[in-house]
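The chain contents come next:
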Amino acid sequence: MNLIGPQSLVTLNFRFTLTDGTVVLSTFESTPATLQIGKGELGTRIEECLIGLAVGTQRSFDLAEGEAFGQFHEALVEWIPRHELPADVEVEPRAVLTFTAPDGNAFSGQILDVSDDAVQIDFNHPLAGRAVRFDVEIVGVN
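Residues numbered from 1 in each chain as written. Predicted model: local features only at pLDDT ≥ 70, side-chain atom pairs only at ≥ 80, totals over all residues. Heavy atoms only, no water.

*Asks:* I'd love a proper account of the environment of Phe69, names of residues and values included.
*Replies:* By the element assignment, Phe69 lies in the loop between strand E4 (58-63) and strand E5 (77-81). Distance from Phe69 to Gly43, taken between C-alpha atoms, is 7.0 Å for residues 26 residues apart in sequence. Residues in contact with Phe69, not counting those within four places in the same chain, are Phe16, Ile46, His125, Leu127, Ala128 and Val132. (Helix = DSSP H or I, 4+ residues; strand = E, 2+ residues; numbered from the N terminus. Contact = heavy atoms within 4.5 Å.)

Structure representation (structure tokens):
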């Protein structure tokens, strides 16, 4: 029996649910996801939950505030002058913008507020600081 190890290629269905029952993300109703353990595709703590599970396993993990997607950091909420944003960017609350760092890596931020000359953007993960339930069904392990 193949068990998930630290370098396994895993196909799985997963669901993240908030404590109020709101489903944030789920593959159960669509196509299972495939990911490489150890690459951080779902985050270290979530990958730790998967280690040792076998094909056919269904489990639920209740993860405390910040355990799954890190703590919320106020320092990652910034006001950016409008002139620093591309002119073609739609600037409205709740919109998600993608930025490219000098090293070429992409990162996202969600617009929280808009003023005449600046935009407040939250660069935290949308689930940072939140408690979540992680439901998983292991479909394949290589």
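That was the structure; now back to the text.
*Asks:* Before we move on, could you go through the sheet that holds strand E6 (residues 96-100) and cite the residues and values that matter?
*Replies:* Note: strands within a sheet are paired through backbone hydrogen bonds, in either parallel or antiparallel orientation. Judged by pairing direction, the sheet is antiparallel, and its four strands sit side by side in the order E5-E8-E7-E6 without closing on themselves. Sheet topology places E5 and E6 at the edges, where each strand pairs with a single neighbour. Strand after strand, the sheet turns through a mean of 45° between neighbouring axes, direction not considered. Pairing of E5 with strand E8 (residues 118-122) involves five bridges; the strand directions are antiparallel. Opposite Ile80, over in E8, you have Val119 as the bridge partner. (Pairing = 2+ DSSP bridges. Axes fitted to C-alpha atoms, helices over the stretch in contact; angles between N-to-C directions.)

*Asks:* Lay out unusual backbone geometry in plain terms, naming residues and giving numbers.
*Replies:* A positive phi angle, near 80°, is found at Arg94, a position not held by glycine. Structurally, Arg94 can be placed in the loop between E5 and E6. A relative accessible area of 69% means that Arg94 is categorised as exposed. (Buried < 20%, exposed > 50% of the residue type's maximum accessible area, 1.4 Å probe, protein only.)

Treat this as a map of the structure, not an account of what it does.
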